[in-house]
Amino acid sequence: MVGHPFVVRAADGSLPRATFDRWVVEDHAFVVAFRGFLEALSEVAPDQRARDVLDGGLAALTPELEMFEREARRRGLELDVDPAPLNQDYSAYLLAAARGGWAVGITVLFGVEKAYYDAWASVRDAASPGTPYAEFIRNWSSPEFAVYVDQLAGLVDREPLTEEMRQAFDRVVRFELAFWDLVCAHPE
Ligand code: MP5
């Protein structure tokens, strides 16, 4: 994932403006849908410890959505658009995973967040000090976010590993790669 052209080019500053614009619009729609996934997962959380970790994740979504809205205003982007079919498929998969029970749902949540931690930590490590993506880098590669991802890993590790969990994790990885592909493959 960290070798994907989106991540590599965000880090070296060569990402076309239109590609990042498309990512802002699609990812904003993803995060709006993702909130529904987190709420559905909270409902099947097995105990208070799990609910507390998920509550932290839900609370972080308000400032995160504001960050997307600020960036969209700066870039003159319309956020109220129909998400691409792949983005809708990913969101539908997340909701289905939450309804499929806690073990699969928490595995999916861990995969989604770990993907962004690894990607943005890799951008952070290679980007120049003047990077236009500083706010996004901070959002997903801060020490606080690393702690959240570790807490999610801890919740996954409490569950006996099943084939369904492995399959769910693999699906998340493939959706994440397809998401980067989607935003890179726009007409110039
Ligand atoms: C995340 C995201 C991280 N924003 N977009 C995609 C496609 N994958 C993962 O989730 P969150 O809720 O923004 O931390």
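Residues numbered from 1 in each chain as written. Predicted model: local features only at pLDDT ≥ 70, side-chain atom pairs only at ≥ 80, totals over all residues. Heavy atoms only, no water.

1. Overview of the environment of Trp 102
Counting through the fold element by element, Trp 102 comes out in helix α5 (residues 102–126). For the pair Trp 102 and Ala 50, spaced 52 residues apart in sequence, the C-alpha separation works out to 9.9 Å. Here Trp 102 is in contact with Leu 41, Val 44, Ala 45, Pro 46, Ala 50, Leu 54, Leu 155, Arg 158 and Glu 159, once residues within four sequence places are set aside. (Helix = DSSP H or I, 4+ residues; strand = E, 2+ residues; numbered from the N terminus. Contact = heavy atoms within 4.5 Å.)

2. Topic: the site of the ligand
Close to the ligand lie 13 residues, the nearest being Asp 27, Phe 34, Glu 64, Glu 113 and Glu 176. In this structure, Glu 113 approaches the ligand through a side-chain N or O atom, which is 2.6 Å from an oxygen atom. Here a nitrogen atom of the ligand sits 3.3 Å away from a polar atom, N or O, in the side chain of Tyr 116. The cavity that encloses the ligand is the largest pocket. Contributing elements (two or more residues each) for the shell around the ligand: α2 (17–43), α3 (48–75), α5 and α8 (163–184). Here the residues of the shell around the ligand sort into nine nonpolar, no polar and four charged. (Near = heavy atom within 4 Å. Polar contact = N/O pair within 3.5 Å; in protein donor to acceptor, adjacent residues only side chain to side chain. 1 Å grid on protein atoms, 1.4 Å probe; cavity = no way out; pocket = protein on both sides within 12 Å on 5 of 7 lines; lining within 4 Å. Sits in = over half its atoms within 2 Å of the grid points. Nonpolar A, V, L, I, M, F, W, Y, C, P; charged D, E, K, R; others polar.)

3. Topic: the layout of surface pockets
The computed volume of the largest pocket comes to approximately 250 Å³. Leu 61, Glu 64, Glu 113, Trp 140 and Phe 145 are, among the 20 residues lining the largest pocket, the residues nearest its centre. Class assignment for the residues of the lining of the largest pocket results in 13 nonpolar, three polar and four charged. (Points joined across faces, edges and corners; volume = space filled by probe spheres on them.)

4. Examining helix α4 (residues 85–99)
An ideal rise of 1.5 Å per residue puts 21 Å on 15 residues; α4 measures up with 21 Å between its terminal C-alpha atoms. Where α4 is concerned, the buried positions are Asn 87, Tyr 90, Ser 91, Tyr 93, Leu 94, Ala 97 and Ala 98. Looking down the long axis of α4, one finds its buried residues gathered within 155° of arc, a one-sided arrangement. When the buried face of α4 is taken as reference, the exposed residues oriented beyond 90 degrees from it are Pro 85 and Arg 99. Where α4 is buried, its residues contact α2, α5 and α8. Gly 101 lies just past α4 and shows a positive phi near 110°. (Expected span 1.5 Å × (residues − 1). Buried < 20%, exposed > 50% of the residue type's maximum accessible area, 1.4 Å probe, protein only. Arc of directions from axis to C-beta.)

Honestly, that's just the spatial picture; any functional story needs more than this.
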